[in-house]
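# Summary of the model geometry
The residues making up each chain are set out below.
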Amino acid sequence: MSRLHTLSTIVFALALAIYGYLQWQKSNAPIAVQVIDLDTPDFIAKRLSSSQFDSEGKLTHTIFAESMSHFSKKNQTLFQKPKYTIYPDDDKPSWHISANQGTLVGNERLTLSDQVLLVSSDQNSFISEIQGKQIILDLKNKIITSEQTIRLKGNDFTMYGSGLNVDINTTEMTLNEHVQTIFKKHDS
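Computed from a predicted structure; not experimentally measured.

### Topic: the overall build of the chain
Helix and strand content of the chain: one helix and 11 strands. Ordered by position from the N terminus, the helices and strands of the chain form the series α-β-β-β-β-β-β-β-β-β-β-β. Computed over the C-alpha atoms, the radius of gyration of the chain is 31 Å, more than 25% above the 16 Å expected from 2.2 N^0.38 for a compact globule of 188 residues. In terms of principal-axis extent, the alpha carbons of the chain reach across some 125 × 40 × 25 Å. Sorting the 188 residues of the chain into buried and exposed places 31% on the buried side. Partitioning the contacts of the chain with sequence separation of at least 6, the portion at a separation of at least 24 is 36%. For the chain, the computed accessible surface area is about 13,000 Å², with 53% contributed by carbon and sulfur atoms. For the chain, the separation between the mean place of its 18 positive charges and that of its 20 negative charges on side chains is 11 Å.

### Re the environment of Arg109
Tracing the backbone through its elements, the reader meets Arg109 in strand 7 (residues 109–120). Overall, Arg109 belongs to the partly exposed group, its relative accessible area being 43%. Residues contacting Arg109, with those up to four places away along its chain left out, are Thr103, Leu104, Ile136 and Leu137.

### Considering the nonpolar core
Ranked by internal contacts, the top residues of the largest apolar core, which has 29 residues, are Phe79, Tyr84, Ile97, Leu118, Ile130, Ile135 and Ile144. For this core, the secondary-structure elements that each account for two or more residues are strand 1 (43–53), strand 2 (59–71), strand 4 (83–86), strand 5 (95–98), strand 7, strand 8 (129–138), strand 9 (143–153) and strand 10 (157–167). Setting aside chain neighbours within four positions, we find Ile130 in contact with Trp95, Val116, Leu117, Leu118, Ile150, Arg151, Leu152, Leu164, Val166 and Met173.

### Notes on unusual backbone geometry
Of note, the phi angle at Lys81 is positive, near 55°, even though the residue is not glycine. Mapping Lys81 onto the fold places it in the loop between strand 3 (76–80) and strand 4. Using a relative accessible area of 44% as the deciding quantity, one classes Lys81 as partly exposed. If you check the backbone angles, Lys142 has positive phi at about 60° while not being a glycine. In this structure, Lys142 sits in the loop between strand 8 and strand 9.

### Let's talk about the pairing of strand 8
Where strand 7 and strand 8 come together, nine bridges link them in antiparallel fashion. Within strand 8, the residue paired with Arg109 across the bridge is Asp138. Linking two consecutive strands that pair antiparallel, namely strand 8 and strand 9, is a turn of four residues; a positive phi of about 60° is found at Lys142 within it.

Definitions and limits used
- Residues numbered from 1 in each chain as written.
- Predicted model: local features only at pLDDT ≥ 70, side-chain atom pairs only at ≥ 80, totals over all residues.
- Heavy atoms only, no water.
- Helix = DSSP H or I, 4+ residues; strand = E, 2+ residues; numbered from the N terminus.
- Rg over C-alpha atoms; globule rule 2.2 N^0.38 Å.
- Buried < 20%, exposed > 50% of the residue type's maximum accessible area, 1.4 Å probe, protein only.
- Contact = heavy atoms within 4.5 Å.
- Areas by Shrake-Rupley, 256 points an atom, 1.4 Å probe, with all protein chains shown as cover.
- Lys, Arg positive; Asp, Glu negative; His and termini not counted.
- Charge placed at Lys NZ, Arg CZ, Asp CG, Glu CD.
- Core = buried A, V, L, I, M, F, W, Y, C linked by side-chain atoms within 4.5 Å.
- Pairing = 2+ DSSP bridges.

Pasting the structure below:
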């Protein structure tokens, strides 16, 4: 029995040594980690053209962009040279908005930057053009805001200020800080 006992002890010690060695090798092995790259878009579109409709089938806005990159993990879409057309409720005249850069967060908040231009399609509008460095467009409520310096242009004047708030549906505009207004001189 002592021989059997000695042999089983040796086998147990050998198994324990092999197990220890395997655990030591496993702890020194590099750990594979899956890296999710948030800076890689899920898809890219070139020369994108899209139209958005409400639940009643009315056109709410259209977009064209030279390129678009969508990041689903960030819930963000980046546009190069976007051109938006916003259609107010009650069939009022539309606004055409263009910029060099655009960032859409979710499906509701669009930030346009770098040479932003808004042009009213209404020839009789008091304000025919708005220019600025950056604007934020709430697509759901159709409200345009900007804290940057803005230039408003009408038939007979050009106005500079900051703190713009425009409701596209009601065409109400608020300028928080007026800097200067230049009136066009008429020949008498």
